[in-house]
Amino acid sequence: MAEPQNFMRVPDPSPKRTLYTDAMEIFHRAADTIGLAPRVRLELEEPDYEHIFYVTAKLKDRLRPLSPEAARSFGDLPVTQVRDPNGLERLADGQILLNGKALLGSDVMIRRGHLRLPDGGVYQLIPGESQRFKAYRVQHNQARGPYKGGIRYHREVSLDLFKALAAEMTWKTAIAEVPFGGGKGGIQIDPRQYGREELEAITLRFMYKLKRLIGPNIDIPAPDVGTNGEIMALMMRQYLDGENERHVGRAIVTGKDVRIGGSEGRVKATGRGVVYCIEDYYADKGETLKGKTFTVQGFGNVGSYAAEIMGNLGARLLAVNDYDGTIYNPDGIDVAALLAHVQDPKNLKRSVVGFPGAQKIEKSDFWEVPAEILIPAALGGEITSDIAEKLKCKLIAEGANGPTTPDADRILLKRGIDLIPDIIANAGGVTVSYYEWIQNKRMESWTESEVNAKLEHALKRNYRIIRDISRNNPRRTEMHDSRPFCVGKQVEPRLAAMILALKRIEAHYVIEGFSQ
Ligand code: NAD
């Protein structure tokens, strides 16, 4: 006879493996392990809401560079002298936007829609047209509080990806013990191909459409890949546009600039949290970070600050891989100098490539650099089974969301490479986002040391519970109590983290019940 919970499911005639089903594999294993109540499982295995909508914006006129071969047919095209070089905005992909009166008053020499700039390059003039962008917001679960999760601006996004990332936020907020649920969203766009004012227009329009779906007590966005405090400021401005009690609404987004209601410590919080976990992993062995070697994939918000803080604790950075390339120095990379290189306004791609204090290597070699710790802090799905076979590290601390595929996970386990899973390792960001939200609600402002001390306590306490679940070591200490969460057998760390999340979420359904 069919089990009652199976009876309730609509059978899928062709179960397909997708990014989302892969991401949910660990959820199902944890649910099986703890015997999660069947109705809670149904509630959690699909999101509450999946929103897809469209945003349009008018783009600026731009100059697209011609390849040297194509430029040859314009060999005798005279140079256009630009009166106002400040009106030319260079983008990371080589295009140039014409802002304001960029070419007004210049002797513009155009031939068949092309002109030559004083830099010698020939450019095709592309008239600014309106463009449509696909936007998403997935609200996964709100059993523990308002939906909470980042806004991603990236070319490779999809509903499936946002579903996986939103679910991950539900687990993460439960693990971090912040009273939020999970959400995620963003726009399908490569922000490096658009100018400042264009991104402003796109963001304002995005929030105009998003406004009816979110609120400071309903769903609270934050920065993620491709967005930052400036984007959050625009989102806040648009949300509060015309509102009387603006101060009440500042909690609509987190990750804001500290001068407009952001929290001290938020910018570095995710990277700092990764390091707190790594520190605690070694403290448990009676070791410190001094002299440990590490590599980082992704040198954006999470990767760069994790590297900086690791460096301050005496660890040595050997290699960095980002979207544009890989650098390596067996004697150690000067992290402060690398940060300055990446943040230099002339470095339009904000890439580590070209850093003089290291040599260039191939991405495939990055994975084989022998270092104790690997911090993936770029995108999901980077550590595949092939790469897992090659890695020479002893510990992976997942700064990125979902960097390791389920197949790779099995290989890492077999090879005895330890793991600090993403839903605890990178929970520092959402934890300090919660502190920001409280500060906004109470109209308070906490110091950075207060924030960091609270963050350290929260992450280490919950990481210790996860380690105890993993080792089946139920105990109560001054800092934590793992007795309600251990399952009577040892489980791997990723499963342990998910067990902690599910037990905390399940309690809300079991004790509060289900609204009808
Ligand atoms: P970011 O946009 O600031 O930086 C991303 C970095 O990854 C850049 O250095 C980029 O060059 C690199 N990158 C992108 N694609 C790559 C590829 N294919 N190969 C190698 N490198 C690549 O983003 P971020 O905010 O630092 O986020 C990084 C990861 O951390 C994401 O998975 C994000 O979801 C996760 N995360 C971020 C936060 C946060 O507070 N920002 C919190 C939790 C988790």
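See above for the structure.
Residues numbered from 1 in each chain as written. Predicted model: local features only at pLDDT ≥ 70, side-chain atom pairs only at ≥ 80, totals over all residues. Heavy atoms only, no water.

Visitor: Would you take a moment to explain the layout of surface pockets for this structure?
Guide: Empty space among the atoms becomes visible once a probe the size of a water molecule is rolled across them. In this structure, the second largest pocket encloses a volume near 1,100 Å³. Around the second largest pocket, the lining is made up of 50 residues, and of these Thr404, Asp409, Leu419, Asp422 and Arg494 lie nearest the centre. Mapped by element, the contributors of at least two residues to the lining of the second largest pocket are α2 (19-34), β8 (147-154), α5 (159-175), α13 (406-415), β17 (418-420), α14 (422-425), α16 (448-471) and α17 (493-512). Partitioned by chemical class, the residues of the lining of the second largest pocket number 24 nonpolar, 10 polar and 16 charged. (1 Å grid on protein atoms, 1.4 Å probe; cavity = no way out; pocket = protein on both sides within 12 Å on 5 of 7 lines; lining within 4 Å. Points joined across faces, edges and corners; volume = space filled by probe spheres on them. Helix = DSSP H or I, 4+ residues; strand = E, 2+ residues; numbered from the N terminus. Nonpolar A, V, L, I, M, F, W, Y, C, P; charged D, E, K, R; others polar.)

Visitor: I would appreciate a short explanation of the site of the ligand in the present structure.
Guide: In the region of the ligand, 24 residues are neighbours, and Asp224, Thr270, Phe299, Ala378 and Asn401 sit closest. The contact in question runs from an oxygen atom of the ligand to an N or O atom on the backbone of tyrosine 323, over 3.0 Å. In the model, a nitrogen atom of the ligand is placed 3.3 Å from a nitrogen or oxygen of the lysine 363 side chain. Protein chains bury 86% of the 830 Å² of accessible surface belonging to the ligand in isolation. Listing elements by their share of the shell around the ligand, those giving two or more residues are α8 (266-283), α9 (301-312) and β12 (316-322). Looking at side-chain class alone, the shell around the ligand contains 8 nonpolar, 10 polar and 6 charged residues. (Near = heavy atom within 4 Å. Polar contact = N/O pair within 3.5 Å; in protein donor to acceptor, adjacent residues only side chain to side chain. Areas by Shrake-Rupley, 256 points an atom, 1.4 Å probe, with all protein chains shown as cover.)

Visitor: Explain empty space enclosed by the protein to me, please; I cannot follow it from the model alone.
Guide: Counted by the stated rule, this structure contains 1 cavity of 30 Å³ or more. Along its surface, the largest cavity is lined by Thr295, Phe366, Trp367, Val369, Ala371, Ile373, Leu374, Leu391 and Cys393.

Visitor: What should I look at first to understand helix α3 (residues 38-45) in this one?
Guide: Every α-helical turn comprises 3.6 residues, leaving residues that sit three or four positions apart pointing alike. Within α3, the full set of buried residues consists of Val40, Arg41, Leu44 and Glu45. All buried residues of α3 lie within an arc of 125° about the axis, which places them on one face of the element. In this structure, the buried side of α3 is in contact with α2, β7 (130-141), α5 and α17. (Buried < 20%, exposed > 50% of the residue type's maximum accessible area, 1.4 Å probe, protein only. Arc of directions from axis to C-beta. Contact = heavy atoms within 4.5 Å.)

Visitor: Please explain the packing of α8 against α9 as it appears in this structure.
Guide: Each pair of packed helices can be described by the angle between their axes along with the distance between the axes. For the pair α8 and α9, the least separation of the axes is 7 Å and the interaxial angle reads 50°. Classed by the angle they form, the pair α8 and α9 counts as oblique. Two packed elements cross with a definite hand, and for α8 against α9 that hand is right-handed. Note on element contacts: α9 touches α8 through Asn301, Val302, Tyr305, Ala306, Glu308, Ile309 and Met310, opposite Val267, Lys268, Thr270, Gly271, Arg272, Val274, Val275 and Ile278. Across the contact of α8 with α9, the residue classes tally to 9 nonpolar, 3 polar and 3 charged. (Axes fitted to C-alpha atoms, helices over the stretch in contact; angles between N-to-C directions. Parallel < 35°, antiparallel > 145°, perpendicular 65-115°, else oblique. Left-handed = near helix turned anticlockwise from the far one by under 90°.)

Visitor: How should the nonpolar core be read in this particular structure?
Guide: A general trend in soluble globular proteins is that nonpolar side chains are found buried together. Grouped together as the largest cluster of nonpolar side chains are 89 residues, with contacts concentrated most on Trp171, Ile278, Leu338, Ile375, Ile420 and Leu502. The dominant element in this core, judged by the number of residues it contributes, is α17, at 10 residues. Not counting residues within four places of it along the chain, the set of residues in contact with isoleucine 375 comprises Val274, Ile278, Phe294, Thr295, Val296, Gln297, Ala306, Met310, Ala397 and Gly399. Formed by 26 residues, the second largest nonpolar core is a distinct cluster that contains Phe53, Tyr194, Met232 and Ile252. (Core = buried A, V, L, I, M, F, W, Y, C linked by side-chain atoms within 4.5 Å.)

Visitor: Just checking my understanding: could you explain the packing of α8 against α16 for this structure?
Guide: As a packed pair, α8 and α16 sit with axes 9 Å apart at the nearest point and diverge in direction by 50°. Between α8 and α16, the angle falls in the class oblique. Pair α8 / α16 crosses with right-handed handedness. Facing Ala269, Arg272, Gly273, Tyr276, Cys277, Glu279, Asp280 and Tyr281 of α8, the residues of α16 in contact are Glu448, Asn452, Leu455, Glu456, Leu459, Lys460, Tyr463, Arg464 and Arg467. For the contact of α8 with α16, the residue count by class is 7 nonpolar, 2 polar and 8 charged.

Visitor: Which parts of the structure should I look at to understand the packing of aromatic side chains?
Guide: Any two aromatic rings considered together are summarised by their centre-to-centre distance and by the angle between their planes. According to the stated counting rule, one finds 13 aromatic pairs in the structure shown. Relative to tryptophan 171, the ring of phenylalanine 27 has its centre 5.3 Å away and its plane inclined at 15°; by these criteria the two rings are stacked. Separated by 144 residues along the polypeptide, phenylalanine 27 in helix α2 and tryptophan 171 in helix α5 bring together distant segments of the chain. Judged on exposure class, the residue phenylalanine 27 and its partner tryptophan 171 are both buried. On the basis of an interplanar angle of 25° and a centroid distance of 5.0 Å, the ring pair of tyrosine 509 and phenylalanine 514 is categorised as stacked. According to the relative accessible area criterion, phenylalanine 514 is partly exposed, its value standing at 27%. An aromatic cluster is defined as three or more aromatic residues linked by ring pairs; in this entry it consists of Phe180, Tyr434, Tyr435, Trp437 and Trp446. Here the basic side chain of lysine 292 rests over the ring of tyrosine 282, its NZ or CZ set 4.7 Å away from the ring centre. (Phe/Tyr/Trp six-rings, centres within 6.5 Å; stacked < 30°, edge-to-face > 60°. Lys NZ or Arg CZ within 6 Å of the ring centre and 35° of its normal.)

Visitor: Just checking my understanding: could you explain the environment of proline 330 for this structure?
Guide: Relative to the elements of secondary structure, proline 330 occurs in the loop between β13 (325-328) and α10 (335-343). Overall, the relative accessible area of 41% leaves proline 330 in the partly exposed class. When near neighbours in sequence (up to four residues on either side) are disregarded, proline 330 contacts Arg316, Leu318 and Gln359.

Visitor: Teacher, can you tell me more about the side chain of histidine 154 here?
Guide: With respect to the helices and strands, histidine 154 occurs in strand β8. Under the relative-accessibility criterion, histidine 154 is labelled buried at 16%. For histidine 154, the contacting residues outside a window of four places in its chain are Ile187, Gln188, Ile189, Val225 and Leu379.

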